Amino acid sequence: MRCAGAAGRHHYFHKGCLGGWIGACTARGAAPTCPVCRGPVQVHISGLSALLEGPQADALGAEEKSALRVLLDRARATLNGGGCADSDEWVEPFHPEELAAAGAVTAAAAAGFYAGYSDGPGTGAIDVALLVAQDPYVQVAGGVGYVTGLVARGVEAALSDA
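Residues numbered from 1 in each chain as written. Predicted model: local features only at pLDDT ≥ 70, side-chain atom pairs only at ≥ 80, totals over all residues. Heavy atoms only, no water.

The protein has the name RING-type domain-containing protein in an unreviewed UniProt entry, where Prorocentrum cordatum is given as its organism.

**Student:** Please set out the state of the cysteines residue by residue, giving values where relevant.
**Tutor:** Going through the model one piece at a time under the given rule, you end up with zero disulfides. Sulfur of C34: no disulfide; nearest cysteine sulfur belongs to C3 and is 3.7 Å away. For C34, a relative accessible area of 1% translates into the label buried. (Disulfide = S-S within 2.5 Å. Buried < 20%, exposed > 50% of the residue type's maximum accessible area, 1.4 Å probe, protein only.)

**Student:** Please set out the nonpolar core residue by residue, giving values where relevant.
**Tutor:** Of all hydrophobic cores here, the largest spans 17 residues; its most connected members are L48, L68 and L71. Residue assignment for this core shows that the elements contributing at least two residues are α1 (15-27), β2 (41-44), α2 (45-53) and α3 (62-77). (Core = buried A, V, L, I, M, F, W, Y, C linked by side-chain atoms within 4.5 Å. Helix = DSSP H or I, 4+ residues; strand = E, 2+ residues; numbered from the N terminus.)

**Student:** I'd like a rundown of the environment of A30, residues and numbers included.
**Tutor:** One can find A30 in the loop between α1 and β2. Here A30 falls in the partly exposed class, since its relative accessible area comes to 22%. For A30 and A102, which are 72 residues apart along the polypeptide, the C-alpha to C-alpha distance reads 9.5 Å.

**Student:** Could you give an account of the packing of aromatic side chains, naming the residues involved and the relevant values?
**Tutor:** According to the stated counting rule, one finds two aromatic pairs in the structure shown. Seen in terms of ring centroids, Y12 and W90 are 5.8 Å apart; in terms of plane orientation they differ by 75°. Their pairing is edge-to-face. Here Y12, found in the loop between β1 (2-3) and α1, pairs with W90, found in strand β3 (residues 90-91); they are 78 residues apart in sequence, far enough to count as distant. For W90, a relative accessible area of 26% puts it in the partly exposed group. Each ring, one from F113 and one from Y117, has its centre 5.7 Å from the other, and the planes form 5°; the classification is stacked. (Phe/Tyr/Trp six-rings, centres within 6.5 Å; stacked < 30°, edge-to-face > 60°.)

**Student:** Run through the packing of α2 against α3, naming residues and quoting values.
**Tutor:** Here α2 crosses α3 at 150°, and the two axes come no closer than 10 Å. The orientation of α2 with respect to α3, classified from their angle, is roughly antiparallel. Considering the relative orientation of α2 and α3, their crossing is left-handed. Contact residues: I45, L48, S49, L51, L52 and E53 in α2; K65, L68, R69, L71, L72, A75 and R76 in α3. Residues that form the contact of α2 with α3 fall into these classes: eight nonpolar, one polar and four charged. (Axes fitted to C-alpha atoms, helices over the stretch in contact; angles between N-to-C directions. Parallel < 35°, antiparallel > 145°, perpendicular 65-115°, else oblique. Left-handed = near helix turned anticlockwise from the far one by under 90°. Contact = heavy atoms within 4.5 Å. Nonpolar A, V, L, I, M, F, W, Y, C, P; charged D, E, K, R; others polar.)

Here is the structure:
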């Protein structure tokens, strides 16, 4: 893996080194970037494909292998409709639109939790916003957050009565 680079200079990384960094970035809802210059991360399709199909793949854990397969599929999908198995291109498998959608789902879950937990003034607007959201994932995340907030409030009340 490498970064797109700044001023024509790419930074190359071992999958193990950059893999941890990518995981940390995506866990906080940020686009994975180069830890040196913050340029977009790129994947070499044929290189990653060779790794996953070669004998080195036996040394990978099931979770790591699965994550690399997802990364390869995402990278292939960026090429003119996807599916090109042996492309010798470097591509960016992470897109800002996808990260924005993930952020909206996370925000909806948090807003739903707040509305369910607090049930105070001003939460009615949150309830309405979650109900009229166009994205079904946002609606579900908001609903799950709301129910979780209600449960947390109930548990807190039960513990305070004990």
